[in-house]
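Chain by chain, the residues run as shown.
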There are 2 protein chains.
Amino acid sequence: MDAEIMAVGTELLLGDIINTNAQYLAKELALLGIGIYRQTTVGDNEERLKTALRQALKDTEIVITTGGLGPTSDDITKEVSAMVLGKELVLHEPSYEVIKSYFRNNDRAMLNGNQKQAMFPEGSIILDNPNGTAPGCIIKGEDNRFIINLPGPPKEMVPMFENKVKPFLSQFMEHTIISKTLRCIGLGEWDMATRVKDLIDYSENPTVAPYAKDGESILRITAKAKNEEEARNMILPVEEEIRNRIGEYIYGTDEDTLQDVIGRELVANRRSIAIAESVTGGMIASRLLGYEGGMSEVLEEAFITYSNASKVKYLGVNEATLEAYGAVSEETCTEMAEGLYEKTGADVCLVTTGIAGPTGGSEEKPVGLVYIGIGVKGKVTVFKHYFTGGREKIRVRATITALDYLRREILAMEMA
Amino acid sequence: MDAEIMAVGTELLLGDIINTNAQYLAKELALLGIGIYRQTTVGDNEERLKTALRQALKDTEIVITTGGLGPTSDDITKEVSAMVLGKELVLHEPSYEVIKSYFRNNDRAMLNGNQKQAMFPEGSIILDNPNGTAPGCIIKGEDNRFIINLPGPPKEMVPMFENKVKPFLSQFMEHTIISKTLRCIGLGEWDMATRVKDLIDYSENPTVAPYAKDGESILRITAKAKNEEEARNMILPVEEEIRNRIGEYIYGTDEDTLQDVIGRELVANRRSIAIAESVTGGMIASRLLGYEGGMSEVLEEAFITYSNASKVKYLGVNEATLEAYGAVSEETCTEMAEGLYEKTGADVCLVTTGIAGPTGGSEEKPVGLVYIGIGVKGKVTVFKHYFTGGREKIRVRATITALDYLRREILAMEMA
């Protein structure tokens with residue numbers, strides 16, 4: 001069973017407002033096991049809406065529209081839906097009463113247009129709207145095809161879908177679709193695709209699909225089954241197979257974030273952490289402190305040691321080292337991490353130094369060169385990277401990479 | 001001249017990510033005077049994409065696709081676009097070289113899939129991509145119909161549209177449309193709309209439109225004229241009128257960012273700055289150090305003093321003050337700023353302390369309470385704010401607000 005999600009409204013078409021309804025409906029329909037054939041946005045234009053609805057009814061069994069149920073003459077979704085399905089509009093007295101009382105209670109004058117909001121295609125199921133004046137409706141067409149008209153405002157549409165439409169659609173479903181997301185770092189979309197390419201290309205149920213997002217790569221396992229439990233059991237062996245191949249790169253699943261995974265580990269094991277950032281300039285600390293659980297138990301302080309002087313002053317880096325090797329060097333990075341440990345005594349010390357550009361690069365040390373140092377109880381390991389992209393991208397990539405090294409170190413500590 | 005905006009990608013179709021590209025492109029095309037006929041989202045499915053492209057070419061002159069230009073076998077947009085227009089794919093050597101060097105610089109192995117990214121429909125205009133590995137292209141079909149393939153990530157798509165596609169499309173327009181954006185902070189979209197509501201409601205050419213984005217509010221003045229100079233002259237008086245009304249809130253125009261405006265001022269006037277963050281935990285420093293010009297001349301160091309102990313240790317806050325008033329108080333905030341000045345001697349000292357939540361709030365000090373302190377040569381002013389939203393939103397709003405106070409202080413210093 002397939003559905004098309006159709007947003008109606010010139011304000012959406014012209015980009016004045018963003019269409020969050022489509023995303024919500026797509027996710028919900030997928031969970032119901034209804035395939036999403038297409039998403040469309042059309043303006044408040046009778047001819048174009050008519051064409052779009054006819055096309056949608058050709059390609060899919062269910063067309064869910066959002067918007068265009070208001071009182072003004074621009075609001076034509078119900079009218080055109082009825083036209084396309086060859087139905088008359090008839091007044092729905094109960095809805096009319098509700099609308100009238102709504103205006104009484106809100107001391108607002110009733111407009112003629114508001115009666116229009118109580119008119120529905122004959123024989124349709126009315127979806128009352130406790131959060132606004134526009135009820136929705138489910139209109140049955142030929143050979144079990146439906147047009148479902150929902151209001152545009154998410155705070156009206158979402159509860160209406162949740163409470164009325166979902167139960168209605170569930171009756172047609174003999175299966176459900178469940179997904180699990182594996183989140184990776186340090187592994188390009190392409191690398192991942194090759195390492196698990198056979199699974200991506202040949203798995204049918206569950207399916208495996210790769211995505212790249214904000215410097216992370218993501219693998220999504222999706223299973224279709226009679227019920228959620230069965231679907232989860234189908235996902236399990238596939239996840240295990242993927243973990244056997246690229247497990248070390250997987251930092252979390254579904255809604256996990258790097259800061260959550262790291263934050264949880266640090267707090268659970270009471271590992272204190274300190275950070276000293278040069279090239280990333282606070283980005284690592286800022287990201288880590290985004291951890292919803294709060295880091296105050298494990299993070300006391302962090303430093304942004306941007307200048308050479310500050311590296312000497314706060315981290316005890318030797319001027320001689322800076323002289324001989326420069327601020328962006330393995331030697332300086334090492335002394336930064338050692339100094340940070342001496343200063344704070346934190347179990348884990350994370351430091352960065354590098355060149356984000358656009359200026360300051362050289363033949364020998366190009367823009368994008370970044371050293372990441374991690375000290376565990378003062379024992380330091382340094383990683384050297386060349387990141388590409390603009391200043392911001394280099395800083396972001398250095399941050400994500402540093403956080404992933406941190407994650408691996410922490411896990412290693414717990415295993416040790 | 002009409003266009004269809006087509007997003008390609010199963011992750012969009014299923015609602016895993018929200019389609020911000022469509023909104024951006026809709027706005028931009030409208031500015032160019034190109035009508036938007038329809039927006040569509042289809043999955044990585046050859047047949048459905050083919051159908052959608054054919055329909056779009058029937059209804060419109062320009063089809064702009066986003067997504068599906070990656071290296072994996074799921075990425076089929078270019079291939080299907082070529083098919084629909086009856087073109088062969090040919091290797092574009094210059095793009096291939098760029099991609100190869102990209103992998104060299106990243107110490108990563110180049111694989112077949114990436115060569116695919118350098119293959120383009122014969123005769124198409126290549127749009128190189130400085131922000132990623134997937135170039136875009138403009139493919140000309142029969143009777144002046146075009147398919148324009150753009151990458152999916154907004155960070156790649158937006159500059160490509162701005163720098164390559166816009167100029168290309170402009171040539172078909174007999175008039176040009178020029179916009180100027182005024183960027184405001186500390187002024188809600190609603191406040192702005194009321195203060196300049198008459199301009200927004202009644203201006204026709206130039207038009208004035210408000211937007212809200214990432215805690216900033218934006219006013220966009222758009223003029224339609226025979227040429228750019230004429231358009232700019234039409235914008236001038238409108239901008240002046242707006243500045244007369246809400247000038248103090250306007251921090252910059254067009255592509256300006258807060259960090260650019262502040263960074264330029266600080267560097268130009270050799271004003272040194274130091275930062276000590278508690279609730280914002282590095283976000284202010286990280287944002288400021290994003291300034292493309294580089295801050296090393298004016299910023300030596302910054303501190304993230306997250307714990308009470310660190311506020312005492314690095315900023316010399318009195319334990320008695322923390323005892324009596326707590327870490328989140330005007331008194332502690334003041335001593336943080338004073339201590340930061342004593343420690344660094346920086347011309348400007350910026351500090352924050354607050355409660356980002358989700359836990360840690362109280363009746364008297366709710367989640368969202370933030371104190372921002374600014375010291376100029378040691379003389380401290382403290383601002384108290386209640387921010388709403390989740391942990392992340394509160395930190396972001398505190399950061400933007402703090403940076404705007406900083407901007408105002410710096411300007412005041414220069415005027416003094």
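Everything numeric here is computed off the predicted structure, so don't read it as measured data.

Scoring rules and cut-offs
- Every chain's residues receive numbers from 1 upward, in the order its sequence appears when written.
- Here every chain gets a letter starting at A, and every ligand a number starting at 1, in the order they are written.
- Per-residue local features are limited, in this predicted model, to residues with pLDDT of at least 70; the limit for side-chain atom pairs, both in listing and counting, is 80 or more; totals at the level of whole chains, interfaces and linings are taken over all residues.
- The basis for every side-chain value is the complete set of non-hydrogen atoms in the structure, without hydrogens or water.
- Here, strands pair whenever DSSP counts at least two bridges between them.
- A helix here means a DSSP run of H or I that spans at least four residues, while a strand means a run of E at least two residues long, and both kinds are numbered starting from the N terminus.
- For helices, the axis comes from a line fit to the C-alpha atoms of the stretch in contact; other axes are also lines fit to C-alpha atoms, and the angle between any two N-to-C directions lies between 0 and 180 degrees.
- Marked domain ranges trace back to an automatic or database domain assignment.
- We call two residues contacting when some pair of their heavy atoms lies within 4.5 Å.
- As a working definition, buried area equals the accessible area (1.4 Å probe) given up by two parts on being put together, with both sides summed.
- The salt bridge definition used is simple: a Lys or Arg side-chain nitrogen within 4 Å of an Asp or Glu carboxyl oxygen.
- Here a polar contact means two N or O atoms within 3.5 Å. Within protein one must be a hydrogen donor candidate and the other an acceptor candidate, and residues neighboring in sequence count only if both atoms are side-chain atoms.
- Side-chain classes follow a simple rule in which Ala, Val, Leu, Ile, Met, Phe, Trp, Tyr, Cys and Pro form the nonpolar group, Asp, Glu, Lys and Arg form the charged group, and the remainder, Gly included, forms the polar group.
- Remark: exposure states derive from per-residue accessible area (1.4 Å probe, protein chains only) relative to the maximum for the residue type, with buried under 20%, exposed over 50%, and partly exposed in between.
- As used here, the term nonpolar core means buried Ala, Val, Leu, Ile, Met, Phe, Trp, Tyr and Cys residues forming a set that is joined through side-chain atoms within 4.5 Å.
- The disulfide criterion is simple: two cysteine sulfur atoms within 2.5 Å.

Trainee: Tell me about the sheet that holds strand β1 (residues 2-8) of chain A, and please be specific about residues and values.
Mentor: Spatial ordering of the open sheet is given by β6(A)-β7(A)-β8(A)-β3(A)-β1(A)-β2(A)-β2(B)-β1(B)-β3(B)-β8(B)-β7(B)-β6(B), a layout of twelve strands whose pairing is mixed. Taken across any chain shown, the strands that pair with only one partner, and hence form the sheet edges, are β6 (125-127) of chain A together with β6 (125-127) of chain B. Taken pair by pair, the neighbouring strands of this sheet meet at an average axis angle of 15°, ignoring direction. In terms of strand pairing, β6 of chain A meets strand β7 (residues 136-140) of chain A through three bridges, oriented antiparallel. Bridged to L127 of chain A within β7 of chain A is G136 of chain A.

Trainee: Quick rundown of the sheet that holds strand β16 (residues 369-376) of chain A? Include the residues and the values.
Mentor: By way of backbone hydrogen bonds, the strands of a sheet pair with one another, either parallel or antiparallel. The mixed open sheet is built from ten strands, whose spatial order is β17(A)-β16(A)-β15(A)-β13(A)-β14(A)-β14(B)-β13(B)-β15(B)-β16(B)-β17(B). In the strand order of this sheet, the two ends are held by β17 (379-386) of chain A together with β17 (379-386) of chain B, each with one partner. Going from strand to strand, the sheet's axes swing by 15° on average, the running direction of each strand aside. Judged from the five bridges that link them, strand β14 (residues 299-305) of chain A and strand β14 (residues 299-305) of chain B form a sheet pairing that is antiparallel.

Trainee: Any chance you could break down unusual backbone geometry for me, citing the residues and the numbers?
Mentor: All names here are of chain A. Between G357 and P358 the backbone carries a cis peptide bond, its omega angle lying at 0°. On the secondary structure map, P358 appears in the loop between β15 (348-354) and β16. Of note in the backbone geometry, K377 takes a positive phi value of approximately 50° without being a glycine.

Trainee: Talk me through the domain arrangement of chain A; I want residue IDs and the actual numbers.
Mentor: What the domain assignment lists for chain A is domain 1 (2-172), domain 2 (176-253) and domain 3 (258-415). Taken over C-alpha atoms, the centre of domain 1 of chain A sits 53 Å from the centre of domain 3 of chain A.

Trainee: So what's going on with the interface of chain B and chain A? Residues and values would help.
Mentor: On the side of chain A, 70 residues touch chain B, which itself brings 72 residues to the contact. Buried area between chain B and chain A, both sides added, is near 5,800 Å², and the carbon and sulfur share of it is 51%. On the surface where chain B and chain A come into contact, there are three salt bridges. Across the pair D2 of chain B and R48 of chain A runs a salt bridge, and its minimum N-O distance is 3.6 Å. Across the contact surface, chain B and chain A share 32 residue pairs in polar contact (both at pLDDT 80 or more). In terms of residue class, the side of chain B that touches chain A is made up of 25 nonpolar, 29 polar and 18 charged. Both strand β2 (residues 35-42) of chain A and strand β2 (residues 35-42) of chain B contribute to a ladder of three bridges, which runs antiparallel. Looking across to β2 of chain B, one finds that T41 of chain A is bridged to Q39 of chain B.

Trainee: Please set out the pattern of salt bridges residue by residue, giving values where relevant.
Mentor: For the structure on display, the rule yields 55 salt bridges over all chains. A salt bridge links R220 of chain A to D16 of chain B; its shortest N-O distance comes to 3.2 Å. On the criterion of chain membership, the pair formed by R220 of chain A in strand β11 (residues 216-225) and D16 of chain B in the loop between α1 (10-13) and α2 (20-32) is interchain, its members lying in two chains. Residue classification places R220 of chain A among the buried positions, given a relative accessible area of 11%. Overall, D16 of chain B belongs to the partly exposed group, its relative accessible area being 22%. The salt bridge partner of R270 of chain A is E297 of chain A, with a shortest N-O separation of 2.8 Å. Placement of the pair is R270 of chain A in the loop between α11 (258-268) and β13 (273-277) and E297 of chain A in the loop between α12 (283-288) and β14, with a sequence separation of 27 residues.

Trainee: Account for the nonpolar core, naming residues and giving values.
Mentor: In terms of nonpolar packing, the biggest core is built from 76 residues, with I273, M295 and L406 of chain A together with I273, M295 and L406 of chain B touching the most fellow members. Filtering out sequence-adjacent residues up to four positions away, L406 of chain B remains in contact with I262, I273, L288, V348, L350 and I374 of chain B. A276, V317, V328 and A346 of chain B belong to the second-largest nonpolar core, a separate cluster that totals 40 residues.

Trainee: Describe the side chain of S310 of chain B, with residues and values.
Mentor: Mapped onto the secondary structure, S310 of chain B falls in helix α13 (residues 308-315). Beyond its immediate sequence surroundings of up to four residues, S310 of chain B is in contact with E300 and E301 of chain A together with T305 and L315 of chain B.

Trainee: Break down helix α11 (residues 258-268) of chain B for me, with residues and values.
Mentor: All names here are of chain B. With eight of its eleven residues buried, α11 lies for the most part within the structure. Of the residues making up α11, those classed as buried are L258, Q259, D260, V261, I262, G263, L266 and V267. In this structure, the buried residues of α11 make contact with β12 (250-253), β13 (273-277), α12 (283-288) and α16 (391-415).

Trainee: Go over the state of the cysteines, please, and point to the residues and values.
Mentor: Residues and elements named next belong to chain B. Under the defined criterion, the tally for this structure stands at zero disulfides over all chains. With no disulfide partner, C333 has as its closest neighbouring cysteine sulfur the one in C349, 12 Å distant. A residue is classified by how much of its surface remains accessible, and C333, at 0% relative accessible area, is buried.

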